[in-house]
Amino acid sequence: MATRIPMIIGGRMKTCLALVALVAACTLAGCAGPKVTKAPVFFPLPPDEPRVQYLTGINDSTDVNEKKKQTSFSLLVTGRETEVIRKLAKSYGVRAANGKIYVSESGAGGVVIIDPVKGTFDSPTGLADPRGRLQTPVNVVLDKEGYLYVADTSRREIVVYNPAGEYARSFGKNLGKDAKIVDLAVSPDGDLYALDMGNGLIRVLDRVSGEEKRSMGKTDTPNQSLRLPGDIALDSAGFIYVTNIGNSKLMKYDRDGNFLSSIGGIGDYYGNLVRPKGVAIDDAGRIFVADAGFNVVQIFDDQGRLLMFFGQPGLDDGSLNMPAGIAVTKENLQLYQKFASPGFKLEELIFVINQFGQEYKIPRISVYGLGRMEGKEQTPVDSKQGSSEKK
């Protein structure tokens, strides 16, 4: 038996070396299989005019980096260390600002800063500071100076990092034991709007000291008050939009907290809302609401009329699964134009977080482009399908 062991080991070594040589030869000869070109996915579905296209997904750093992912054989073949690949954990909130994408990883207690121009995945250096460690970050926002504010529901604090990514300060525990800040926005005059799910309030805070200036969102009229608010967004005029899970509506207030109108309500048709979560407003005043009940994003005009929806389940590509955070931007359009179908001109990008993404072969972040086919007359975003199809 003692003489057979070296023979068995030697046989395995020969097989391994042969396999390594085969992989190296294939790599050098470019013997990978042919790429499969998938049909573009547009919304509304044909025959309506396409206005939104599913472009790509982001799961890890290789999705924004041109470098190829190295295999486990790379070190043996080339003698170089394998590339470090940063993967997105279960996430909730997303913001697009300063050419970057900011993602709050609620499942991993972190924040990822994606720079699609440089192709990098980074995090604030302040996360390594014991004072800046996060537990359950759900949403983030930046102010004009570049300070990053993170709503952490487990710490029950707002944690702030300076433009260099260093821990700056934290506040919010003075808001009371029932306070649960789940989202943040910065008003045109620089105040920090903190959405308190626990108390059904929008708290207006000094963004430096954290001192509360006033609160809003509760009235004597129940259907005008917040109950289990989820996410908040401000438009360019300073109007406040809040997704309100308690009545399945999107609530609109003025900057003084006066109730103005609402969108949606419980129902089984698009145009209603089931589990509204993330909300974003673009420069044209269009309102984007991520609905985790319908598993779509619905787009409304500034009067609350449904324009269209996208991301519905059952598609080969482009479906959403428990969409949460959403961000809309015109930055870096040229980087994503290459993913668009020929002739489809992008006007803005839409980033949507899937809470259940990779588990169902759906990206952590789904990237869509709102645009139009060149040569077509400029028409408003609308869809007959969006206003009549039953869920």
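The text that follows walks through the structure, step by step, so that each part is easy to find. These numbers were taken from a predicted model, which means no experiment stands behind them. (Residues numbered from 1 in each chain as written. Predicted model: local features only at pLDDT ≥ 70, side-chain atom pairs only at ≥ 80, totals over all residues. Heavy atoms only, no water.)

### Observations concerning the overall build of the chain
Part 1: Regarding its fold elements, the chain presents 4 helices and 25 strands.
Part 2: The buried share of the chain, taken over its 391 residues, is 51%.
Part 3: The long-range share in the chain, meaning contacts at least 24 apart out of those at least 6 apart in sequence, stands at 51%.
Part 4: Here the chain displays about 19100 Å² of accessible surface, and carbon together with sulfur accounts for 52% of that area. (Helix = DSSP H or I, 4+ residues; strand = E, 2+ residues; numbered from the N terminus. Buried < 20%, exposed > 50% of the residue type's maximum accessible area, 1.4 Å probe, protein only. Contact = heavy atoms within 4.5 Å. Areas by Shrake-Rupley, 256 points an atom, 1.4 Å probe, with all protein chains shown as cover.)

### Things to note about the side chain of aspartate 183
Part 1: Turning to its location among the elements, aspartate 183 is positioned in strand S11 (residues 181-186).
Part 2: Polar side-chain contacts of aspartate 183 include one of 3.0 Å to the side chain of arginine 95.
Part 3: Contacts of aspartate 183, omitting those with residues within four sequence positions, involve Arg95, Asn139, Ala151, Tyr193, Ala194, Leu195, Gly230, Asp231 and Ile232. (Polar contact = N/O pair within 3.5 Å; in protein donor to acceptor, adjacent residues only side chain to side chain.)

### A short note on the environment of valine 208
Part 1: Examined against the element boundaries, valine 208 turns out to sit in the loop between strand S13 (201-205) and strand S14 (212-216).
Part 2: Sequence separation between valine 208 and valine 160 is 48 residues, and the spatial gap between their C-alpha atoms is 9.3 Å.

### Things to note about the side chain of threonine 243
Part 1: Locating threonine 243 in the fold gives a position in strand S16 (residues 240-244).
Part 2: The class of threonine 243 is buried, set by a relative accessible area of 0%.
Part 3: In terms of polar contacts, threonine 243 uses its side chain to reach the backbone amide nitrogen of aspartate 231, at 2.9 Å.
Part 4: Threonine 243 has contacts with Leu228, Pro229, Gly230, Asp231, Lys249, Leu250, Pro276, Lys277, Gly278, Val279 and Val289, leaving out every residue within four places of it along the chain.

### What to know about the pairing of strand S17 (residues 249-253)
Part 1: With 4 of 5 residues buried, S17 lies mostly within the body of the structure.
Part 2: Relative to S17, S16 runs antiparallel, the two being bridged by 5 bridges. Counted as the bridge partner of threonine 243 is leucine 250 from S17.
Part 3: The hairpin turn running from S16 into S17, its antiparallel successor, is 4 residues long, and serine 248 in that turn takes a positive phi close to 55°.
Part 4: Relative to strand S18 (residues 259-264), S17 is paired through 5 bridges, and the arrangement is antiparallel. Note that in S18 the partner of leucine 250 across the bridge is isoleucine 263. (Pairing = 2+ DSSP bridges.)

Purely spatial values, then, with no claim about function.
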